[in-house]
Amino acid sequence: MYGEEESDETLVERAGHGDRIAASLLVSRHSDSIFRLCRRMLTNTTAAEDATQETFLRLWKSAVNWRPHGAKFKTWLYRVATNVCLDMLRRKGRELPEDAAPERADGSLSAEASMVAEEARLAVEAALARLPERQRLAITLCCFQELSNTEAAAVMELSVEAIESLLARGRRTLREALSSRRDDLLEGIRS
Amino acid sequence: MTEGKSSRGPDNEAGRSDARAPLSETELDALLARVSAPPASEALKRRMLDDHYAVAASAVRTHPRLREASAWSSAKAAMHAGWAAVVRNAAPAGAFTALASLGFFVGANDNGPIDEAAYLYVASAFSDVTDDVEEGSIWAE
């Protein structure tokens with residue numbers, strides 16, 4: 001048997017041969033991060049679930065004849081997820097509605113503070129959603145998914161310099177876009 | 001934060017900030033840190049594993065070794081039934097045994113051999129239920 005110490009590549013190969021345990025381990029290891037990536041790109045939970053499921057469906061289909069092609073598995077999976085998200089964004093344009101309701105209440109905050117914090121979250125998500133796709137993706141990968149610039153460059157198939165440029169432009173746009181509500185937003189952080 | 005981030009500008013150290021000035025890099029980082037996203041739901045994870053079953057079953061159905069086997073036509077129906085049962089989590093060991101009783105996992109039958117590689121290929125898809133089935137009863141030499 002095998003377990004947590006097994007490499008992703010080995011698990012993919014075994015999942016490709018119908019091994020349910022290997023597939024379960026891959027889902028356990030990567031589904032949360034892929035879902036979060038899709039959720040942040042698509043700003044809609046239902047669409048993010050569809051995109052995550054589609055990403056793993058492509059994984060299962062590729063696993064049958066899995067070849068690493070030189071890329072780390074995680075990089076390959078992120079690349080698939082980003083392509084799925086970009087396809088959905090282009091197909092549905094800006095029609096994807098943003099989630100309106102808070103996903104979780106923070107029990108440590110008062111009702112008013114929770115509302116202020118939630119408004120701050122929605123404002124930042126809305127500003128992120130207005131960024132050009134590639135800037136949003138670069139910020140999502142580096143700021144939220146905690147990929148290094150080098151890893152993000154591999155996912156987006158760009159140079160590190162291009163990633164740094166996208167990050168700088170995206171962050172500048174966000175700083176400017178959010179400045180008109182800075183006191184309200186920062187109040188949400190302090191509360 | 002990660003390596004190679006753009007250089008950060010100085011924070012506004014005044015008590016109440018200028019609403020027209022862009023946020024500082026630190027303020028932006030603090031706001032971004034509040035944009036949490038939940039983990040994948042258990043229902044979504046189950047759907048993804050169901051997809052795995054479906055893809056694996058499809059791969060088995062089109063596996064060249066099995067296509068060549070003349071027993072394929074009868075085995076195909078059993079495979080459909082077996083996989084459907086497993087996906088529904090309905091008596092998986094029973095489904096496995098049912099396939100065995102139809103001769104699917106038998107090394108040789110009247111119509112020709114289904115070789116060991118094919119057996120192993122299919123059995124790996126059922127790796128979670130094989131412990132429930134005594135191998136000797138399904139693997140007739």
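Everything below is about the structure printed above this text.
What you see is a predicted model, and the numbers here were worked out from it, not measured in a lab.

Peer 1: What is the right way to look at helix H3 (residues 45–63) of chain A in this model?
Peer 2: For an α-helix the count is 3.6 residues per turn, leaving residues at separations of three or four pointing the same way. Along its 19 residues, H3 of chain A runs 27 Å from first to last C-alpha, staying within 8% of the 27 Å computed at 1.5 Å per residue. Residues of H3 of chain A that are buried: Ala47, Ala48, Glu49, Ala51, Thr52, Gln53, Glu54, Thr55, Phe56, Leu59, Trp60 and Ala63 of chain A.

Peer 1: Help me out: how do you make sense of the packing of H3 of chain A against helix H4 (residues 73–92) of chain A in this one?
Peer 2: Relative orientation and spacing of two packed helices are given, respectively, by the angle between their axes and the distance between those axes. Residues and elements named next belong to chain A. Direction vectors running N to C along H3 and H4 enclose 135°, while the axes themselves pass 9 Å from each other. By the angle class used here, H3 and H4 are oblique. Where H3 crosses over H4, the handedness of that crossing is right-handed. Counting all contacts with H3, which are made through Ala47, Ala51, Glu54, Thr55, Arg58 and Leu59, the residues of H4 involved are Leu77, Val80, Ala81, Val84, Cys85 and Met88.

Peer 1: I would appreciate a short explanation of the nonpolar core in the present structure.
Peer 2: Looking at soluble globular proteins, one finds that nonpolar side chains tend to be buried together. Core analysis: the biggest nonpolar cluster contains 62 residues, and Cys38, Leu42, Ala51, Ala81, Cys85 and Ala138 of chain A have the highest contact counts within it. With 11 residues, the single largest contributor to this core is helix H2 (residues 20–42) of chain A.

Peer 1: Can you walk me through the interface of chain B and chain A in this structure?
Peer 2: Where interface size is quoted, it is often the accessible area lost as the parts come together. Chain B puts 38 residues into the contact, and the matching count from chain A is 52 residues. Mapped onto the side of chain B that touches chain A, the elements with two or more residues apiece are helix H1 (25–33), helix H2 (42–61) and helix H6 (116–125) of chain B. If one sorts the elements of the side of chain B that touches chain A by residue count, H2 of chain B sits on top with 11 residues. Looking at side-chain class alone, the side of chain B that touches chain A contains 22 nonpolar, 7 polar and 9 charged residues.

Conventions used here
- Sequence positions are assigned chain by chain, starting from 1 and proceeding in written order.
- Ligands are numbered from 1 and chains lettered from A, in the order in which they are written.
- Reporting in this predicted model follows two pLDDT cut-offs: at least 70 for local features of residues, and 80 or more for side-chain atom pairs to be given and counted; totals over whole chains, interfaces and linings ignore these cut-offs and use all residues.
- The helix and strand labels rest on DSSP assignments: H or I over at least four residues marks a helix, E over at least two residues marks a strand, and numbering proceeds from the N terminus.
- To estimate the expected span of a helix, count its residues, drop one, and scale the result by 1.5 Å.
- Three classes are used. A residue is buried when 20 or more other C-beta atoms lie within 10 Å of its own, exposed when 12 or fewer do, and partly exposed in between, with C-beta atoms placed from the backbone.
- The axes used here are C-alpha line fits, helices contributing only the stretch in contact, and every angle between their N-to-C directions lies in the interval 0 to 180 degrees.
- The labels follow the angle: roughly parallel below 35 degrees, roughly antiparallel above 145, roughly perpendicular from 65 to 115, and oblique for the rest.
- Each crossing gets its handedness from the near helix: less than a right angle anticlockwise from the far helix is left-handed, clockwise is right-handed.
- Any pair of residues counts as being in contact when their C-beta atoms, constructed from backbone geometry, are within 7 Å of one another.
- In plain words, the nonpolar core is the set of buried Ala, Val, Leu, Ile, Met, Phe, Trp, Tyr and Cys residues that C-beta atoms within 7 Å link up.
- Under the scheme applied here, ten amino acids are nonpolar (Ala, Val, Leu, Ile, Met, Phe, Trp, Tyr, Cys and Pro), four are charged (Asp, Glu, Lys and Arg), and all others, including Gly, are polar.

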